[in-house]
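Residue-level structure breakdown
Single-letter residue listing:
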2 protein chains.
Amino acid sequence: MGYPREQSIQQATEVFWLKGYLGTGMRDLQTAMDKRPGSIYSAFGSKEGLYLEVLNHYTDVLHEQIMAVANSDNTLQQLREFLRSPLTVDDSAAHKIQCLIVKTQADWAELPEGVKNALQTALANLREAFKAVIIKAQSVGELPRELPEERVAMWLQGQFIALRTLATSVALPASLTWMADKIVSDLTGDWAQ
Amino acid sequence: MGYPREQSIQQATEVFWLKGYLGTGMRDLQTAMDKRPGSIYSAFGSKEGLYLEVLNHYTDVLHEQIMAVANSDNTLQQLREFLRSPLTVDDSAAHKIQCLIVKTQADWAELPEGVKNALQTALANLREAFKAVIIKAQSVGELPRELPEERVAMWLQGQFIALRTLATSVALPASLTWMADKIVSDLTGDWAQ
DNA sequence: GTTAAATTTGAGCGATCGTTCAAATCATAT
DNA sequence: ATATGATTTGAACGATCGCTCAAATTTAAC
């Protein structure tokens, strides 16, 4: 029972990531998961319940990726790789570039209360992970000690969002790689190229 | 006939901005515009047609704001003001912070082809306006001549998107003002504060 | 004041939405 | 083999979706 559930969540993730929360219909999910409505509802309760599990899984994966940066040596180098990595996917996975949280947040006014809360929590969790990156970079001497960590973490999260959003509409990977590098430069504080 | 049409577009803008393209129903628009369906359809053809006029109007206003920065003296100072300005609206207008184009783009996979094209065009137009700001700043000596203008314009558009997106979920205006200032600092190249 | 054209009205169309639930099927234990 | 519980099925519900169009109303011209 455990494994098929994980698989269902991943299939549902594909759909929500492609179509958004409002744009995804239960029938889309039924097709992607190859399950009938009663089955989905007994397992997840509602469209909202299914989305919440999808969001949790998505956030966990992203959180781990960022914490891997924070736990590495050469933090800034790993951060640069992290920022660059999603910009090279093939066209068929183009919808996976945009941050799922930001994408869902666009439907804010129409979302169930539970989804709104989960989005806020997810954003805060990821901001904490970015903060861990900052602090680690400070501890290894790659960043100055006297930074306002909270604000820099928010700024870094904003840069991540900007990169992922631009990547959905800007066709040139070289420009995005350039921007990823500039972000790291702006983090350290000198304008390099 | 001309003026009421303008008024209708503004009322429709409110709804689309609050609820997004998919989240907005014709009945929401009928209520906001105080018109019955046949009237709206004879004037705008379809929900898509109405949205396209809304998007055009929104883009025009934003384009003018950015060009006002480009046409001012003290370009970077005006840019800072422009980046700061939307972060101080009251809560009832909170939905007007997020960029309408980015918000609509989140529903990408489910949008009519005409809306997709219009979004791409709008983003490109605004990027041109940001580029005009860069070039003006160069011409008055506030930025170095040898910048890659296209990429910096894309970067600046990304910063704008990041600020507006963060502002919808971060409660502290001071942090966002700090970030707006950092954006201008990163544009000139030195890490101030 | 009458007429013709332009505009608005609002009931209602077919399609799709999220969801339910009785019945069928599958799994497990004895 | 058979009984029992867990799971899945799929038809169908009420609500809402974008949209249509004949009828009513408003506007403009003479």
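Structure's up top.
This report concerns the structure included in the present document.

Rules behind the numbers
Residues numbered from 1 in each chain as written. Chains lettered and ligands numbered in written order. Predicted model: local features only at pLDDT ≥ 70, side-chain atom pairs only at ≥ 80, totals over all residues. Heavy atoms only, no water. Least-squares fit on C-alpha atoms with pLDDT ≥ 70 in both. Phe/Tyr/Trp six-rings, centres within 6.5 Å; stacked < 30°, edge-to-face > 60°. Buried < 20%, exposed > 50% of the residue type's maximum accessible area, 1.4 Å probe, protein only. 1 Å grid on protein atoms, 1.4 Å probe; cavity = no way out; pocket = protein on both sides within 12 Å on 5 of 7 lines; lining within 4 Å. Points joined across faces, edges and corners; volume = space filled by probe spheres on them. Helix = DSSP H or I, 4+ residues; strand = E, 2+ residues; numbered from the N terminus. Nonpolar A, V, L, I, M, F, W, Y, C, P; charged D, E, K, R; others polar. Contact = heavy atoms within 4.5 Å. Buried area = accessible area lost by both parts, 1.4 Å probe. Salt bridge = Lys/Arg side-chain N within 4 Å of Asp/Glu carboxyl O.

**Comments concerning the relation of the copies chain B and chain A**
- Between chain B and chain A, which share one sequence, the superposing operator has a rotation angle of 180° and an axial displacement of 0.0 Å; the RMSD is 0.0 Å. Taken together, these values place the two copies in the relation of a two-fold axis. Judged by C-alpha distance, Ala162(B) is the residue of chain B that lies nearest the rotation axis, at 2.6 Å.

**Examining the packing of aromatic side chains**
- Inspection of every chain in the model, using the stated rule, returns 12 aromatic pairs over all chains.
- Centre to centre, the rings of Phe16(B) and Tyr21(B) are 6.0 Å apart; their planes meet at 10°, and the pair counts as stacked.
- Judged by relative accessible area, Tyr21(B) falls into the buried class, the value being 6%.
- A network of ring pairs unites the aromatic residues Phe16(A), Tyr21(A) and Tyr51(A) as a single cluster.

**So, empty space enclosed by the protein**
- Across all of its chains, the model carries two cavities of 30 Å³ or more by this definition.
- In this model, the largest cavity occupies a volume close to 40 Å³.
- Contributing to the lining of the largest cavity are Leu62(A), Ile66(A), Cys99(A), Val102(A), Leu123(A), Leu126(A), Phe130(A), Gln157(A), Phe160(A) and Ile161(A).
- When contributions to the lining of the largest cavity are tallied by element, the ones reaching two or more residues are α4 (47-70), α7 (113-139) and α8 (149-167) of chain A.
- Split into classes, the residues belonging to the lining of the largest cavity amount to nine nonpolar, one polar and no charged.
- In this structure, the second largest cavity occupies an estimated 30 Å³ of space.
- Every residue along the wall of the second largest cavity is listed here: Cys99(B), Ile101(B), Val102(B), Leu123(B), Leu126(B), Gln157(B), Phe160(B) and Ile161(B).
- The set of elements that each furnish at least two residues to the lining of the second largest cavity consists of α6 (100-105), α7 (113-139) and α8 (149-167) of chain B.
- At three residues, the largest contribution of residues to the lining of the second largest cavity is made by α8(B).
- Classifying every residue of the lining of the second largest cavity gives seven nonpolar, one polar and no charged.

**Structural notes on the interface of chain B and chain A**
- The partner chain A presents 40 residues to the 41 residues of chain B that form the contact.
- Carbon and sulfur atoms make up 65% of the area that chain B and chain A hide from each other, which totals about 3600 Å².
- Here chain B and chain A share two salt bridges between them.
- The closest approach of N and O atoms between Lys19(A) and Glu110(B), which form a salt bridge, is 3.7 Å.
- At the level of secondary structure, the elements contributing two or more residues to the side of chain B that touches chain A comprise α1 (2-19), α6, α7, α8 and α9 (173-188) of chain B.
- Ranked by the residues each element gives to the side of chain B that touches chain A, the list is headed by α8(B), at 11 residues.
- Per-class residue counts for the side of chain B that touches chain A are 21 nonpolar, 11 polar and nine charged.

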